[in-house]
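Breakdown of the fold
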Amino acid sequence: MNPECWKSVGELFERAVALPPGERTVCVERGSAGDDELRKEVLSLLASHKALSGGFVQEQIRNSVVAFYQATLAHPTSIGPYRVIRELGRGGMGVVFLGERHDIDGKAKVAIKLVCPGMDSEFILSRFRRERQTLARMKHPNIAQLIDSGTTSQGLPYIVMEYIDGPRLTDHARELKLETDARLILFLSICSAVDYAHRNFVIHRDIKPGNILVDPEGVPKLLDFGICKLLAESVSDLNPNDTASRVLMTPSYASPEQVRGEGVNLLSDVYSLGVVLYELLTDKSFAKLDSHAHGRPVAHSTDPRASMAVDDRALKRRLSGDLDTILMRALETEPHRRYESAALFADDLRHHLLQQPILARPQTFAYRAAKFLRRNRVKSMATTTALLMVLAGFLTAFLRGTGKTQLIQLTTGNGGNSSSPKPDALRSLRDSTTEVREVIASYPQSAPLSTQLYRAVASQELGDRLNRDGNFAEAKKAYADSVSIAESNLKSGQDSFLTVFIGSSRKLGLNAIAQGNRDEALGFARHALELSSRVSTETSQLAPARGLSAMAVIYAELLRSPLRQPDDREQAISWLRKSAEAWRQAESHTHLGALQQYEMRETEQALTYLENK
Amino acid sequence: MSSGPDLTRLLQEWKNGDDQAIGRLTPIVYNELRRLAAHYLRGEHAADTLQPTALVHEAYIRLVGQNTPDWQGRTHFFGVAAHVMRQIMVDHARRHLSAKRGGGAPVTAIDEGLSFAPEKSRDVLALNDALDGLAAIDPRKSKILELRYFGGFSVEEIARSLDISTATVGREQRLAEAWLHRELSRGES
């Protein structure tokens, strides 16, 4: 019906319906003036109006809504091959049941997470599928393992998780009155889980005591990746207005930037880990919810020093110093001032446990000397190269995250398995090298800058894996690809390209040494040095330092290889000196992040080591 | 837990035309509606006393707070709730019917409890189609019904929200209901 007609229908209907029922037909006959369609339409509507007892539509809708609620509030008695025992909890989009398999005698209990019936919108389903895919990749002793997944006959997806029958880590520690060291060691395993997730390109985003349970064997497990975020999104999505997650997260443990609704990255997890550590060490809650602030935590004004929260003298003493400093670092309001990864956070706790100097403390001479005297002797360093390669690993560890997520998005963008996948198929991951090759192949040819970066990082990753398998020739190609992609994007001015460029150049050089090509190795390092001295990036002050260290790494490696020549040691020392000098200069011009300070310190230590050898 | 500020912000984003916001609002609003529904349905005469519109009012108070004097925010919330309820029911009904039709695993008695009875699914879809049909020729009338019956708006609120007189709302609703009734009866015969 066209709008004109409909307007006439409405007008005539109004005129007629205002009259007593007996006069309506006549009115319509006259009013339609021979327009048969109009007459029929209005008469039929009038008939319908007459038949319509008050509240018909309302009743109709009400019945549907009530039936809907009744249907969706009912509990299932079984899900797939699992018998449902009871509901464990209900979250933003899913409901978790305790269950056990029908057909297996072992009767192992499992946690089954199902999308709430009625919540099966595409938005929710896609999130749920993502969680499923994320979990399928996660295999870590401190992460609750995915056991199975499938789809109910109603078409609702579910996942089956290891059921952790135990208390929260914080309750566990309090009940057993664990010593601080024991608590720290338990906490380190959670750091390891979070770091593992980060290295698998996943940010948890909801780390809190309620998500860290201790199983009957005493192993802490991190659960609930329900609102996790794949790393690439946080990188590519510069303005992530991810409000849903903001609502789903738990404010007391969320980082200030999460609460403010700003971008979330792995530093937000570092913050949440800090809150958990604070509570674990003090048995006190870190943030008090202010009921007048709509559930917003006032965390930022809380003193992060654990020692200030306890009364016990001995405990106060134990917590003050290193542990306070470490917590202050992890709980920095400004993300860039925190530990740059869960691994660095854990490293510092390990330093503390081993009575080594921690990173978080300003490195005053007095402090270092105190630590030095406390230790029996300086832990000997294996080789300079090994030391420097640890550093190279750090450099790319963060960037690597960016590459792989893109893959995940690309390979899972087709909606995943719609039919219920076999559990074993889901669990067995493909050969890793093939997987990375697929990632690289899946990148579009004419790609934006961010994708170019992913390609460069993924190529480096591929090279690492091939190298590890002893496939040096193929690894060389992959590293060369990485170098050339990064190199051709250096002009973009993004620091990340420089980092990848130097990292891959070093690796290319080491690869050449492994294949007996001394000159080629030095060639790669010189090329890296040359370019890094010309390049201009966001942090171009750091470029020379890194370029110089590339030279040092190659000489240090040559030094312990059969390709060794008499002055390699002098060369390595000389380049390390230059690099250390360049770091000092950079430091005087710009604020170095924790990672960069670490790089600088490692360079200095490598130099000291070589000089005294 | 009160999520006041975030919800208000989401409502604002939705109002400003951010289509993504509705997807984000959905779980929050729906969970609250569902929680309230569960509360009502627990009683003996539950099904008779449950009023969808009352749920929306209550959900608003719980999620946004009754001290918020912002009339517009409230209207938006009700609009969202109306939309969310309608959309969720339709999605669910559709998925359920297609799961039944689509071969695959038969619906076993064991998890039948999870589902909507098929005739209810068809009712929901018919209602939805009729509202869509009305929206195609007269969006405002369709909107009026949605706001009134899914969202719990009063006639005055609809009038203010659509910037028309209450008399117009009354008239339009009368015609819209007649139209809807006719369409739904057609399906039955």
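Everything numeric here is computed off the predicted structure, so don't read it as measured data.

Attention shifts here to the side chain of A:His140. Looking at the secondary structure, you find A:His140 in the loop between helix H5 (122–137) and strand S5 (146–151). Of the polar contacts made by the side chain of A:His140, one reaches the backbone nitrogen of A:Asn142; its length is 2.9 Å.

Residue and element names in this part refer to chain A. Across the interface, helix H1 (residues 3–17) lies against helix H3 (residues 36–51) with an axial gap of 9 Å and an inter-helix angle of 50°. It follows that H1 is oblique to H3 by the angle criterion. Viewed along their axes, H1 and H3 form a crossing whose handedness is right-handed. For the pair formed by H1 and H3, the contact residues are Trp6, Ser8, Val9, Leu12, Phe13, Ala16 and Val17 on the first element and Leu38, Glu41, Val42, Leu45, Leu46 and His49 on the second. In the contact of H1 with H3, the residues fall into 10 nonpolar, 2 polar and 1 charged.

Counting residues in hydrophobic clusters, the biggest one holds 70 residues, and the most contacted among them are A:Tyr69, B:Phe77, B:Met85 and B:Phe150. For this core, the element with the most residues is helix H5 (residues 71–101) of chain B, which contributes 12 residues. Residues within four places of B:Met85 in sequence aside, it is in contact with A:Val65, A:Phe68, A:Tyr69, B:Tyr30, B:Leu33 and B:Phe150. Core analysis: the second largest hydrophobic core is formed by 48 residues, A:Ile143, A:Leu186, A:Ala342 and A:Ala360 among them.

Quick reminder: α-helices carry 3.6 residues per turn. Residues three or four places apart thus point the same way. Residues and elements named next belong to chain A. Along its 17 residues, helix H22 (residues 518–534) runs 25 Å from first to last C-alpha, staying within 8% of the 24 Å computed at 1.5 Å per residue. Residues of H22 that are buried: Arg518, Ala521, Leu522, Ala525, Ala528, Leu529, Leu531 and Ser532. Of the surrounding elements, those touching the buried residues of H22 are helix H20 (472–488), helix H21 (495–514), helix H23 (542–559) and helix H24 (568–589).

A word on the packing of helix H11 (residues 266–282) of chain A against helix H13 (residues 322–330) of chain A. All names here are of chain A. Closest axis-to-axis distance for the H11/H13 pair is 8 Å, and the angle between their directions is 145°. For H11 against H13, the interelement crossing comes out left-handed. Across the interface between the two elements, Val270, Tyr271, Gly274, Leu277, Tyr278 and Leu281 from H11 touch Leu323, Leu327 and Ala330 from H13. Of the residues assigned to the contact of H11 with H13, the class counts are 8 nonpolar, 1 polar and no charged.

When you line up the elements, A:Lys507 lands in helix H21. Each C-alpha atom, one on A:Lys507 and one on A:Gly463, is 8.6 Å from the other, the two residues being 44 residues apart in sequence.

Residues and elements named next belong to chain B. On average, residues of chain B score 72 in pLDDT, and 67% of them reach the 70 mark or higher. Every residue in residues 103–115 scores below 50 in pLDDT, and together they form 23 contacts with partners more than four places removed in sequence or on other chains. Scoring the predicted complex yields pTM 0.47 and, for the interface, ipTM 0.74.

Here H24(A) is 22 residues long and its end C-alpha atoms lie 31 Å apart, about the 32 Å a rise of 1.5 Å per residue gives. Of all the positions in H24(A), only A:Asp568, A:Ala572, A:Ile573, A:Trp575, A:Leu576, A:Ser579, A:Ala580, A:Ala582, A:Trp583 and A:Ala586 are classed as buried.

The rules behind the values
Residues numbered from 1 in each chain as written. Chains lettered and ligands numbered in written order. Predicted model: local features only at pLDDT ≥ 70, side-chain atom pairs only at ≥ 80, totals over all residues. Heavy atoms only, no water. Helix = DSSP H or I, 4+ residues; strand = E, 2+ residues; numbered from the N terminus. Polar contact = N/O pair within 3.5 Å; in protein donor to acceptor, adjacent residues only side chain to side chain. Axes fitted to C-alpha atoms, helices over the stretch in contact; angles between N-to-C directions. Parallel < 35°, antiparallel > 145°, perpendicular 65-115°, else oblique. Left-handed = near helix turned anticlockwise from the far one by under 90°. Contact = heavy atoms within 4.5 Å. Nonpolar A, V, L, I, M, F, W, Y, C, P; charged D, E, K, R; others polar. Core = buried A, V, L, I, M, F, W, Y, C linked by side-chain atoms within 4.5 Å. Buried < 20%, exposed > 50% of the residue type's maximum accessible area, 1.4 Å probe, protein only. Expected span 1.5 Å × (residues − 1). pLDDT = per-residue confidence, 0-100.

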